[in-house]
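# Fold and contact review
Spelled out, the chains give:
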Amino acid sequence: MTDAVKSRIGEIVKSSDVVLFMKGTPLFPQCGFSSRAIAILDHLGVEFESVDVLQDQEVRQGIKEFSDWPTIPQLYVKGEFVGGSDIMMEMFEAGELHQLMIDQSVARQG
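Calculation criteria
- Residues numbered from 1 in each chain as written.
- Predicted model: local features only at pLDDT ≥ 70, side-chain atom pairs only at ≥ 80, totals over all residues.
- Heavy atoms only, no water.
- Helix = DSSP H or I, 4+ residues; strand = E, 2+ residues; numbered from the N terminus.
- Rg over C-alpha atoms; globule rule 2.2 N^0.38 Å.
- Buried < 20%, exposed > 50% of the residue type's maximum accessible area, 1.4 Å probe, protein only.
- Phe/Tyr/Trp six-rings, centres within 6.5 Å; stacked < 30°, edge-to-face > 60°.
- Core = buried A, V, L, I, M, F, W, Y, C linked by side-chain atoms within 4.5 Å.
- Pairing = 2+ DSSP bridges.
- Axes fitted to C-alpha atoms, helices over the stretch in contact; angles between N-to-C directions.
- Contact = heavy atoms within 4.5 Å.

### Details of the overall build of the protein
- A tally of regular secondary structure across the protein gives five helices and four strands.
- Radius of gyration (C-alpha) of the protein: 13 Å, near the 13 Å computed for a compact globule of 110 residues.
- With the C-alpha coordinates aligned to their principal axes, the bounding extent of the protein is approximately 40 × 25 × 20 Å.
- With 110 residues in all, the protein has 41% of them scored as buried.

Here is the structure:
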């Protein structure tokens, strides 16, 4: 990954409180894992920015190095990598993801 790509990903991650790198868009996710990630965030009432990695090959490859995580989607909250679809689902089911969003002041209460 070039420094330019790393810098661009870093800017994207910091640009919004919640950023989801995904395949497709929230309205038209291009894989089941991205679809599940969107459903979880929508259920929690979290506003987020999405990045369609299918539109940018450098970001698609670079994000995997940036986070040291091999799969997409990837969720970032307040600049910190949270995890992929499976981790999001586990955290959601345990109530941990909602609590994280509340703790970071990015989710609706209640």
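### A few points about the packing of aromatic side chains
- Counting across every chain of the model gives four aromatic pairs.
- Both rings, one in Phe21 and one in Tyr76, keep their centres 5.7 Å apart while their planes meet at 75°; by these two values the pair is edge-to-face. Of this pair, Phe21 sits in strand S1 (residues 18-22) while Tyr76 sits in strand S3 (residues 74-77), and the two are 55 residues apart along the sequence. Of the two residues, Phe21 and Tyr76, neither departs from the other in class, the shared state being buried.
- Relative to Tyr76, the ring of Phe66 lies with its centre 6.2 Å away and its plane at 55°, an arrangement referred to as tilted. Of this pair, Phe66 sits in helix H3 (residues 57-67) while Tyr76 sits in strand S3; the two residues are 10 residues apart in sequence, bridging distant segments of the chain.
- On the accessibility criterion, Phe66 (30% relative accessible area) is partly exposed.
- Taking the relative accessible area as the measure of exposure, Tyr76 reaches 2% and is therefore buried.
- Among the aromatic residues, those joined into a cluster by ring pairs are Phe21, Phe66, Trp69, Tyr76 and Phe81.

### Describing the nonpolar core
- Within the largest apolar cluster, 20 residues are counted, with the highest numbers of intra-cluster contacts made by Val18, Leu20, Leu41, Leu75, Met88, Leu97 and Met101.
- When contributions to this core are tallied by element, the ones reaching two or more residues are S1, helix H2 (32-44), S3, helix H4 (85-94) and helix H5 (96-103).
- Among the elements that take part in this core, H2 stands out by supplying five residues, more than any other.
- Ranked by size, the runner-up nonpolar core spans 11 residues in total, among them Ile9, Val13, Phe21 and Val53.

### Brief notes about the sheet that holds strand S2 (residues 49-52)
- The four strands lie next to each other as S2-S1-S3-S4, forming an open sheet whose pairing is mixed. Either end of the sheet is taken by a strand with one partner, and the two such strands are S2 and strand S4 (80-83). For this sheet, the mean angle separating the axes of adjacent strands, direction not counted, is 25°.
- H5 rests against S1, S3 and S4 of the sheet, and its axis sits at about 35° to S3.

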